[in-house]
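# Fold and geometry: a report
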Amino acid sequence: FTQAVELKQVAQQEAEKARFLVEKAEQQKKAAVIAAEGDAQAAILLAKSFGSAGEGLVELRRIEAAEDIAYQLAKSRNVTYLPQGQNVLLNLPTQN
């Protein structure tokens, strides 16, 4: 009798675990769908902004990346030599 009770409890625990795993998978599926919808909406907004503002946003991101690279190089203890007269940082155009 005791063994039967223990087996019943083990079976109940395994059923609860299986239920939890199914619910977790469903939540992950919902999260993936929501993330994909958000990515699609972001892509639509970016396409609209590129259409209305041209390549200004891309240039802004390029300049921000160049600033970040320059900051990282500046705080590095290693000596970094860059070739003179070349646009090394993301091929930024020189302003004349």
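Counting of residues starts from 1 at the beginning of each chain's written sequence and follows it residue by residue. Only residues with pLDDT of at least 70 are given local features in this predicted model, and only at 80 or more are side-chain atom pairs given and counted; all residues enter the totals for whole chains, interfaces and linings. For the side-chain quantities, the full set of heavy atoms in the structure was used; hydrogens and water were omitted.

In the annotation of an unreviewed UniProt entry, the entry for the protein reads Prohibitin, and the organism field reads Papilio xuthus. UniProt positions are given in the numbering used here, feature names are shortened, and annotations may be inferred rather than shown by experiment. On record in UniProt, under Subcellular location (unreviewed entry), the comment for the protein is "Mitochondrion inner membrane". According to the UniProt record, the Sequence similarities (unreviewed entry) comment for the protein reads "Belongs to the prohibitin family."

### Examining the overall build of the protein
In terms of helices and strands, the protein carries 2 helices and 0 strands. A simple rule labels every residue: compare its accessible area, found with a 1.4 Å probe on the protein chains alone, to the largest value its type can have, and call it buried under 20%, exposed over 50%, or partly exposed in between. By residue count, 2% of the 96 residues in the protein fall in the buried class. Note on conventions: DSSP H or I runs of at least 4 residues are helices, E runs of at least 2 residues are strands, and numbering of each starts at the N terminus.

### A look at the pattern of salt bridges
Whenever a carboxyl oxygen of Asp or Glu lies within 4 Å of a side-chain nitrogen of Lys or Arg, that contact is scored as a salt bridge. Scanning the entire structure with this criterion turns up 3 salt bridges. Between Arg61 and Glu64 there is a salt bridge, with the nearest N and O atoms lying 3.2 Å from each other. With Arg61 and Glu64 both in helix α2 (residues 56-75), this residue pair falls 3 residues apart, about one helical turn. By relative accessible area, Arg61 is classed as partly exposed at 49%.

### Brief notes about helix α1 (residues 2-53)
Along an α-helix, a turn takes 3.6 residues, which lines up residues three or four apart on a common side. Multiply 1.5 Å by the residue count of a helix minus one, and that product is the helix's expected span. Helix length check: α1, at 52 residues, gives a terminal C-alpha distance of 75 Å against a target of 76 Å (1.5 Å per residue), a fit within 8%. Looking one or two places after α1, you find Gly54, whose phi comes out positive at around 75°.

### Thoughts on the packing of α1 against α2
The contact between α1 and α2 brings their axes to 8 Å, and the two run at 105°. When the interaxial angle is binned, α1 and α2 end up roughly perpendicular. Residues Leu46, Ser49, Phe50 and Ala53 of α1 touch α2, and the partners they reach there are Gly56, Leu57 and Val58. Charged means Asp, Glu, Lys or Arg here, nonpolar means Ala, Val, Leu, Ile, Met, Phe, Trp, Tyr, Cys or Pro, and polar covers whatever is left, Gly included. Tallied by class, the residues present in the contact of α1 with α2 amount to 5 nonpolar, 2 polar and no charged. To define axes, lines are fitted to C-alpha atoms, for helices over the stretch in contact only, and angles between the resulting N-to-C directions are given on a 0 to 180 degree scale. Angular relationships are summarised with four words: roughly parallel below 35 degrees, roughly antiparallel beyond 145, roughly perpendicular across 65 to 115, and oblique for the angles in between. Throughout, a contact is declared for two residues whenever any of their heavy atoms are within 4.5 Å.

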